Amino acid sequence: MAKVLEVNKITKIYGKQCLDCLRMTGEAANTNICPRCGSVVALQDISFQLHHGEILGVMGESGSGKSTLVQMLYFDQLPSAGEVIFTDKETKYDIFSLNAAQQRWLRNHKFGMVYQNPHLGLNFRISAGGNIAERLLMGDLFNYGQIRDCIRRLLERTEVSTQRMDCLPTSFSGGMQQRVQIARALAIDPPLLFLDEVTTGLDLSVQAKILDLILEIQQQLGVAMIVVTHDLGVIRLLASRTLVMKYGQVVESGLTDQILEDPQHSYTQQLVASAL
Ligand SMILES: Nc1ncnc2c1ncn2[C@@H]1O[C@H](COP(=O)(O)OP(=O)(O)OP(=O)(O)O)[C@@H](O)[C@H]1O
């Protein structure tokens, strides 16, 4: 299957960093903080591939580097080292070697992000429809009537009442805010979507509906997704392949079913056992 992303040896260090940062941190060292200079090694030599229409799960405990990984791919964070190749319709982009305007174009036209915190993904001072319209305008749709029609279609797809399109997101429940974030992310029909703990903190029944929606979107639109979560249930339901992270490193990766049935790394074994 065609590759959408090739991530090669991505590293992210917060802080001034020294020559020993990588050697003295990671899974074997049992820390992500460099004992010599105090820098945080959030990601260390992460490599993986994502294929067209695939959902890749990224799992790990708090602080293992999951959010940093997707934030970097979405240009919210700069990498310290490494290369990422994004392929769309046979055009390859070496995304970290692009200039700021080119990166903004990719983010606005090819990538979508849904954050755990809707305040990061939505502008709460404008209506739900306005949030989606902003994204449609980035995608070069300018006709007022067409924009309204498109917003209606996106809200219907994500099961938000179209009668609420002119309401502010502040008047929405948490689950509805996540649906509007998903509608906004889908507005430009992106080939690649990042989802960072999108169901954390929601009621179980709301969680289940959002997860169903994500699956439906993947099946109908064939969008490739990276789903970050600490929840094994989310991984089990959504991801065909999974990376398990600890202290900024991938400690286990493979088919989700295999990982859940026969975890190899002691950390994954603990995670699976604690969810039983
Ligand atoms: N801006 C920052 N400055 C310094 N350290 C940071 C910054 N952002 C994240 N970190 C650190 O990087 C490490 C990885 O953080 P990250 O948020 O990626 O982990 P995570 O696995 O997503 O955790 P969580 O599930 O709690 O969100 C953590 O030790 C965190 O404290």
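Residues numbered from 1 in each chain as written. Predicted model: local features only at pLDDT ≥ 70, side-chain atom pairs only at ≥ 80, totals over all residues. Heavy atoms only, no water.

### A closer look at the sheet that holds strand S3 (residues 55–60)
Logical step 1: With respect to topology, 6 strands assemble into an open sheet ordered S6-S7-S8-S3-S9-S10, the strand pairing being mixed. Bordering the open sheet on either side are strand S6 (111–114) and strand S10 (249–255), each of which pairs with just one other strand. On average, each strand axis in the sheet is tilted by 15° relative to the strand beside it, whichever way the strands run.
Logical step 2: Pairing between strand S7 (residues 192–196) and strand S8 (residues 224–229): 5 bridges, direction parallel. If you follow Asp-196 over to S8, its bridge partner there is Val-228.
Logical step 3: Against the sheet, helix H6 (residues 174–186) engages S6 and S7, with an angle of about 175° to S6.
Logical step 4: Packing against the sheet, helix H7 (residues 204–221) makes contact with S3, S7 and S8, and its axis sits at approximately 160° to S8. (Pairing = 2+ DSSP bridges. Helix = DSSP H or I, 4+ residues; strand = E, 2+ residues; numbered from the N terminus. Axes fitted to C-alpha atoms, helices over the stretch in contact; angles between N-to-C directions. Contact = heavy atoms within 4.5 Å.)

### Observations regarding the nonpolar core
Logical step 1: Counting 48 residues, the largest nonpolar core has Ile-132, Ile-151, Ile-182, Leu-195, Ile-214, Met-225 and Leu-238 as its most contacted members.
Logical step 2: Within the second largest apolar cluster, 33 residues are counted, among which are Val-7, Leu-69, Met-113 and Ile-226. (Core = buried A, V, L, I, M, F, W, Y, C linked by side-chain atoms within 4.5 Å. Buried < 20%, exposed > 50% of the residue type's maximum accessible area, 1.4 Å probe, protein only.)

### Thoughts on the pattern of salt bridges
Where charged atoms from two side chains of opposite charge approach closely, those side chains can pair.
Logical step 1: A full pass over the atoms with the stated rule returns 10 salt bridges.
Logical step 2: As a salt-bridge pair, Asp-88 and Lys-110 come within 2.8 Å of each other at their nearest N and O atoms. Pair noted here: Asp-88 is in strand S4 (residues 81–88) and Lys-110 is in the loop between helix H2 (100–109) and S6, with a separation of 22 residues, a long-range link. Both residues of the pair, Asp-88 and Lys-110, count as buried.
Logical step 3: Residue Arg-148 pairs with Asp-166 through a salt bridge whose shortest N-O separation is 3.0 Å. Of this pair, Arg-148 sits in helix H5 (residues 144–157) while Asp-166 sits in the loop between H5 and H6, placing them 18 residues apart in sequence.
Logical step 4: Connected through salt bridges with shared partners, the residues Asp-20, Arg-23 and Arg-36 form a single ionic network. (Salt bridge = Lys/Arg side-chain N within 4 Å of Asp/Glu carboxyl O.)

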